[in-house]
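Each chain, letter by letter, is given below.
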Amino acid sequence: NLVWTLFYYYEYYLYTGDEQTLKNKVLPLLKKSANFMIHLLQKDERGIYHLRMSHSPEYKNAVDTNYGLASLRWALKTLIETDAKFKLNDKDSKKWREILDNLAEYPKDETGFMIGKDVALTSSHRHYSHLLMIYPYQMVNSEQKGNRQIIEKSLAHWLSLKGALQGYTFTGSASMYAGMGDGNKAYDLLNQLFDKYIQPNTLYKESGPVIETPLAAVASIQEMLLQSWGGKIRVFPAVPSSWQNAAFDRLLAAGAFEVSAKMENGKTVFIKIK
């Protein structure tokens with residue numbers, strides 16, 4: 001779980017450009033958490049690395065959980081890229097590359113991404129732990145050839161299984177549709193969240209107060225207006241057709257950019273980047 005947490009710590013560096021925090025705080029902890037996951041790997045006769053039996057949050061145990069594989073892939077990719085960018089010459093960089101090049105593929109079936117090897121998603125699941133490669137990691141995205149179909153299939157299957165869905169389901173799926181540029185679907189999912197789960201004071205509860213869901217909803221709304229991943233800043237990437245006029249002021253983007261923009265009558269009229 002620490003790797004997933006560190007994704008957001010790493011985003012602090014991406015959005016502020018604070019290299020000292022990256023080098024002195026983020027990277028040492030990311031190395032330790034990646035090495036813990038590497039310790040859980042087993043190499044098969046073909047040289048492919050597999051994750052041992054582990055837990056996919058809030059669902060089931062499995063070998064090669066998509067949750068674990070996505071987190072480890074992101075960690076290794078980030079460590080390798082950071083090592084190269086800052087010429088750190090880390091002694092483990094060769095090991096990271098070898099594992100990343102030979103890590104098991106994400107288990108999938110006719111419904112899309114599974115929970116893990118031989119474990120399908122067959123009952124309602126409020127969490128999107130098996131879809132982290134789509135969001136927030138964006139390692140599987142609709143801009144990659146052939147990936148839009150499996151993303152749509154995985155989302156449709158996950159949301160079709162009713163009963164255990166909760167507020168966090170709707171923020172995660174809204175952000176995934178926003179990542180595909182589908183503002184209307186993202187808007188519909190957020191409205192379902194507001195109508196069914198969010199209280200008038202913007203708070204939310206399940207067994208008790210839950211702060212993560214309202215904050216995740218804020219992120220989903222912002223991602224309809226501004227996204228930055230894969231080396232690109234996307235302005236108004238997923239605005240629903242009902243929003244003909246929209247504006248935002250000084251939102252941060254990856255690369256430590258401060259972005260402002262305005263749209264009138266469905267057309268962008270200015271973008272300001274600092």
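Computed from a prediction, not measured in an experiment: that's the story for all the values here.

Enquirer: Just checking my understanding: could you explain helix α1 (residues 2–16) for this structure?
Expert: An α-helix turns once per 3.6 residues; consequently, residues spaced three or four apart project the same way. With 15 residues, α1 should reach 21 Å at 1.5 Å per residue; the first-to-last C-alpha distance of 21 Å fits that figure. Every buried residue of α1 is accounted for by V3, W4, L6, F7, Y10 and Y13. Taken end-on, α1 shows its buried residues confined to a sector of 150°, consistent with a single buried face. Of the surrounding secondary structure, the elements contacted by the buried residues of α1 are α2 (19–39), α3 (66–85) and α6 (167–179).

Enquirer: What exactly am I supposed to notice about the pairing of strand β10 (residues 257–264) here?
Expert: Side-chain positions along a regular strand alternate between the two faces of the sheet. Two elements, strand β9 (residues 246–253) and β10, share six bridges in a ladder whose sense is antiparallel. Along β10, the bridge assignment pairs L251 with V259. In textbook terms, the turn of a hairpin is the stretch between consecutive antiparallel strands, and for β9 and β10 this stretch comprises three residues, one of which, G255, has a positive phi near 100°. Relative to strand β11 (residues 267–273), β10 runs antiparallel, the two sharing six bridges. Looking across to β11, one finds that A261 is bridged to I271. The loop that links β10 with its antiparallel partner β11 comprises two residues; one of these, N265, has a positive phi angle of about 50°.

Enquirer: How do you make sense of a nonpolar patch on the surface when you look at a structure like this?
Expert: Judged by side-chain polarity, L203, I211 and L215 come together as a nonpolar surface patch covering roughly 300 Å² of accessible area. When you line up the elements, L215 lands in helix α8 (residues 212–225). You can call L215 exposed: its relative accessible area is 53%.

Enquirer: Is there a simple way to think about the sheet that holds β10 in this case?
Expert: The strands making up a sheet associate through hydrogen bonds between their backbones, and the pairing can be parallel or antiparallel. Here three strands make up an open sheet; going across it, the order is β9-β10-β11 and the pairing antiparallel. Each end of this open sheet is capped by a strand with a single partner; those strands are β9 and β11. For this sheet the average axis-to-axis angle between neighbouring strands, irrespective of direction, equals 15°.

Enquirer: Got a minute to help me understand α2 in this structure?
Expert: Spanning 21 residues, α2 covers 28 Å between terminal C-alpha atoms, matching the ideal 30 Å at 1.5 Å per step. At V26, α2 shows its largest kink, close to 40°, and the proline P28 lies no more than four residues downstream. Among all positions of α2, only T21, L22, V26, L27, L30, S33, A34, M37 and I38 are buried. Where α2 is buried, its residues contact α1, β1 (41–43), β2 (49–51), α3 and α4 (93–101). Where α2 begins, the capping side chain belongs to D18, and its oxygen is found 3.3 Å from the backbone nitrogen of Q20.

Enquirer: Even after reading the chapter, I still don't get the packing of α6 against helix α7 (residues 183–196), so can you show me in this structure?
Expert: For any two helices packed against each other, the geometry comes down to the angle between their axes and how far apart the axes lie. Where α6 contacts α7, the axes come no closer than 8 Å and their chain directions differ by 165°. Relative to α7, the element α6 is oriented roughly antiparallel. In terms of crossing hand, the pair formed by α6 and α7 is left-handed. Contacts between α6 and α7 pair G167, F170, T171, S173, A174, Y177 and A178 from the former with K185, A186, L189, L190, Q192 and L193 from the latter. Per-class residue counts for the contact of α6 with α7 are eight nonpolar, four polar and one charged.

Enquirer: Where do I start with the packing of aromatic side chains in this structure?
Expert: What describes a pair of aromatic rings is the distance from one ring centre to the other and the angle between the planes of the rings. This structure, assessed with the given rule, holds 15 aromatic pairs. Residues F7 and Y137 carry aromatic rings whose centres are separated by 5.3 Å and whose planes lie at 80° to one another, so their mutual orientation is edge-to-face. Here Y137 lies in the loop between β6 (112–113) and α5 (147–160) and F7 lies in helix α1, a separation of 130 residues in the sequence. By relative accessible area, which is 6% here, Y137 ends up buried. Pairwise contacts between aromatic rings join F7, Y8, Y10, Y13, W74 and Y137 into one cluster. Cation over ring: R234 sits above W229, and NZ or CZ is 3.6 Å from the ring centre.

Conventions and cut-offs
Residues numbered from 1 in each chain as written. Predicted model: local features only at pLDDT ≥ 70, side-chain atom pairs only at ≥ 80, totals over all residues. Heavy atoms only, no water. Helix = DSSP H or I, 4+ residues; strand = E, 2+ residues; numbered from the N terminus. Expected span 1.5 Å × (residues − 1). Buried < 20%, exposed > 50% of the residue type's maximum accessible area, 1.4 Å probe, protein only. Arc of directions from axis to C-beta. Contact = heavy atoms within 4.5 Å. Pairing = 2+ DSSP bridges. Patch = residues over 30% accessible without salt bridge, like charges linked within 9 Å, V, L, I, M, F, W, Y side chains within 5 Å. Areas by Shrake-Rupley, 256 points an atom, 1.4 Å probe, with all protein chains shown as cover. Salt bridge = Lys/Arg side-chain N within 4 Å of Asp/Glu carboxyl O. Axes fitted to C-alpha atoms, helices over the stretch in contact; angles between N-to-C directions. Bend = angle between axes of the 7 residues up to and from the residue. Polar contact = N/O pair within 3.5 Å; in protein donor to acceptor, adjacent residues only side chain to side chain. Parallel < 35°, antiparallel > 145°, perpendicular 65-115°, else oblique. Left-handed = near helix turned anticlockwise from the far one by under 90°. Nonpolar A, V, L, I, M, F, W, Y, C, P; charged D, E, K, R; others polar. Phe/Tyr/Trp six-rings, centres within 6.5 Å; stacked < 30°, edge-to-face > 60°. Lys NZ or Arg CZ within 6 Å of the ring centre and 35° of its normal.

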